[in-house]
Every structure is written in structure tokens, then in C-alpha cells.
Amino acid sequence: GVLPPRLRGGGRGKATDGNRMTDSSSGARSEIDALRTRMGEAIIGQRDVIERLLIGLLANGNLLVEGLPGLAKTRAIKALAKNMECDFSRIQFTPDLLPSDVTGTEAYYQAETGSEFRFEPGPIFANIVLANEINRAPAKVQAALLEAMEERQVTVAGTTHTMPPLFMVMATQNPIEQEGTYPLPEAQMDRFLMHVNITYPPVEDEVEVIRLVRGEEAAAQAAAAAEGSAAGADRPAPIPQEAVFQARREIAALHVSPEMERYMADLVNATRIPAEFGDDLKRWIEVGASPRASLALDRCGRTHAWLAGRDYVDPEDVRAIVPDVMRHRLKLTYEAQGEGVSADAVTAEVVRQVALP
């Protein structure tokens, strides 16, 4: 049989040359910090959500954001796009949507010089794409996103069209309205880098939300009374895309020790051989996570470390993002569902059982 991973040496895997965050990295870091601050001003009480959106952006991945109605899912994504130098597109998924409504289609044009077919890009061709309530459209429309999310391209009428360098799909869904919806298949769920859950804010933060929205309404009315002359007058310049690309280059250079690489692989492998890690996991897990989970842990772990100002990845970086990486990649047994065991509870048990490096 396969034995559970044993405690291994190697410490936290810190780079031997100390902190490599030099002044050359201060430009991208200050821009990303400014982006985080601006998003925090527009979204009260969702600090973890803001961090996850930034991790998805910097790790060059797609996010599935799930939460009850009114918890600022769409507002959070709009706040990210509003404060960046980017093209933003919102697609409202409905049962009557067609794949061509997402990807675009070939249109026939008649001109004096002759006729031709031209490609009319759909709303998927943007930097940040909000797929709102993605589970309200049938599978054929959901599948229209697959190629764009995975290959960063769309093929229409035999011609391949490349997505822009900065491209990110953020899909939202409501966990309580399942009648008349189309649950995402496992193959598409796996293509999301992270599955982010949004919960209710504390009461104190909700009071601040009331004040924030009231202030926004007053500012909008004042701007309308002034015929829009004050609209956007004091708005700071958007964060340039180059700041994101520079941050990605720095994240790619972060040090990851062999012990940390093994730890990430051990976490994922534990979901595939749950019987080796206790009777509970054996009863709860039907299908474990794919290799995409290991890649996501590496990318998100490095990004989490960079946002924390470190040039190396330690176990806390991995543990912080394990639930978001795992919760949509585990298929639980009927027994687990009957006992009310969530994917987060299963992930917490996996983290508890796997030895730290």
C-alpha cells in the first residue's frame, strides 16, 4: 500500500539569498496595492473576496464566484474592472442564450466591391468577462466558454481568433436557486482556477455598506444636477495593464522549494487515495482532484506569497488557498452529502491529515 506522507525536513523553503523583493518590484506592487485599496473602498466587508479576485487576476486564471443574492458578487468584479485599464464585458446568461451570442459569429456583408463574410466578435472578446449567473444557460452555451478559458482562443467557422493578452473569465452563480438551472459539469468546473464563496458580512460592515451606498446615491444625484460636469473629475487614473504583467513576471520568479512542491502534490494526492488517510475521507470522497489542482495550488500559492511581500512560498500560503482550489474539484459520495459534509469540511480534514514539510 501507499503510506501517508512523512514529515520531511527543509523548513519553510525560503530562498537562500534572503528577501529578493528589490526596488525594481516596487512599481508593480504599489499599483496592485492601490488597486486593492480602491476595491476595498467600493466593497465593504469582503476583504477575502478582494484578495481572491486579485489572486485570480495575477495568477492568470478564471474564477467561479458563488454566493447568495445581494452579497456583492457582481459589484466586486465590476470594482476590479472599473479601476483597471481594461475592456469589461458582462454576459447575462439566460435559458435562451446561444453559443454565438457569447463567441460571436460570421456576418454576411454586401458592398459595391462584392460580398464577404466578416467575423463579428462576441462579448467574450474583452479583458475581464463577467459571466453572470452562468448556470442559467444550457450546456451548449456553457461549453462555448471552454475553449476561451482553457486555450485563450475562439474558433468560429474554422478560423481561430486569439483572446487579448489580459483575459479573465469571472463567472457567478447562486447556490440556492436550482430550479430551471443547468449545473456546470465537472469538466468545466475543473477549468476554473478557484471557486470563491461569498458569505454574509458582519453587522458592523453592513452598517458601513448602508452608508457607502447612501453616499454613492447622493454623489450620483449631485452629479446629475450639475449635468455630469463633476462626474469622474476626481477619479484617479486606472491601474495600467503593464502593472499586472510585471507582477506576473515577478510571481513567476518566486522561489518554491522541493519540499513545498511535494507538499502541494501530497495534498492533491491525498484526495485520490483517501483510504490511506482515515476512514472518514474514505467514506466522503468518491473522486479526487485532478492535476489541475496541483498547478492551481502552485500558481495561487506563489501569488499569495507575492501579495504578502515574500519572495518564497511557505505552507501558510498553500493552506490559505486550498479551500478555494479544492471545493469545486472534489466529488463527494452520497454518504457525505447525506451527512451534510461539505467540500470545505473534507478539504480541512485533508489538510489536517497531510504532514507539513
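Residues numbered from 1 in each chain as written. Predicted model: local features only at pLDDT ≥ 70, side-chain atom pairs only at ≥ 80, totals over all residues. Heavy atoms only, no water.

Another point: unusual backbone geometry. Despite not being glycine, Asn60 shows a phi value in the positive range, around 60°. Position of Asn60 among the secondary structure elements: in the loop between helix 2 (47–58) and strand 1 (63–67). Phi is positive for Glu133, close to 50°, though the residue is something other than glycine. With respect to the helices and strands, Glu133 occurs in the loop between strand 5 (128–132) and helix 5 (139–151). (Helix = DSSP H or I, 4+ residues; strand = E, 2+ residues; numbered from the N terminus.)

Charged atoms that come close allow side chains of opposite charge to pair. Throughout the structure, instances matching the rule amount to 20 salt bridges. Put simply, Glu51 and Arg52 hold a salt bridge, and the shortest N to O gap is 2.8 Å. Residue classification places Glu51 among the buried positions, given a relative accessible area of 19%. The buried category is assigned to Arg52, whose relative accessible area is 9%. Note that Arg52 is salt-bridged to Asp324, the shortest N-O span being 2.8 Å. (Salt bridge = Lys/Arg side-chain N within 4 Å of Asp/Glu carboxyl O. Buried < 20%, exposed > 50% of the residue type's maximum accessible area, 1.4 Å probe, protein only.)

We now examine the packing of helix 2 against helix 11 (residues 291–307). Think of two packed helices as two axes; the pair is described by the angle between the axes and how far apart they sit. Interaxial distance between helix 2 and helix 11 falls to 9 Å at its minimum, and their mutual angle equals 115°. Crossing handedness for the pair helix 2 and helix 11: right-handed. Counted together, Glu51, Leu54, Ile55 and Leu58 of helix 2 and Cys300, Thr303, His304, Trp306 and Leu307 of helix 11 form the full contact between these two elements. Across the contact of helix 2 with helix 11, the residue classes break down as 6 nonpolar, 2 polar and 1 charged. (Axes fitted to C-alpha atoms, helices over the stretch in contact; angles between N-to-C directions. Left-handed = near helix turned anticlockwise from the far one by under 90°. Contact = heavy atoms within 4.5 Å. Nonpolar A, V, L, I, M, F, W, Y, C, P; charged D, E, K, R; others polar.)

On to the pairing of strand 7 (residues 159–162). Bridging between strand 6 (residues 153–156) and strand 7 involves 4 bridges; their strand directions are antiparallel. Within the sheet, the bridge partner assigned to Val156 lies in strand 7 and is Thr159. Hairpin remark: strand 6 followed by strand 7, antiparallel, with 2 residues in the connecting loop; positive phi at Ala157, about 55°. (Pairing = 2+ DSSP bridges.)

Below, the discussion takes up the packing of aromatic side chains. Scanning all chains against the criterion turns up 1 aromatic pair. Look at Phe119 and Phe125: their rings are 5.7 Å apart centre to centre, the planes differ by 75°, and that puts the pair in the edge-to-face class. Phe119 gets classed as buried once you look at its relative accessible area, which sits at 18%. Against the face of Tyr312 rests Arg310, its NZ or CZ located 5.8 Å from the ring centre. (Phe/Tyr/Trp six-rings, centres within 6.5 Å; stacked < 30°, edge-to-face > 60°. Lys NZ or Arg CZ within 6 Å of the ring centre and 35° of its normal.)

Turning our attention to the confidence of the model for the chain. Per-residue pLDDT for the chain averages 84, and the proportion of residues at 70 or more is 89%. Every residue in residues 1–20 is under pLDDT 50, and counting partners more than four places away or in other chains gives 41 contacts. (pLDDT = per-residue confidence, 0-100.)

Mapping Thr94 onto the fold places it in the loop between strand 2 (88–92) and helix 4 (99–103). For Thr94, a relative accessible area of 27% gives the class partly exposed. On a C-alpha basis, the gap between Thr94 and Asn132 in space is 9.2 Å, while along the polypeptide they are 38 residues apart. When near neighbours in sequence (up to four residues on either side) are disregarded, Thr94 contacts Arg136, Ala137 and Pro138.

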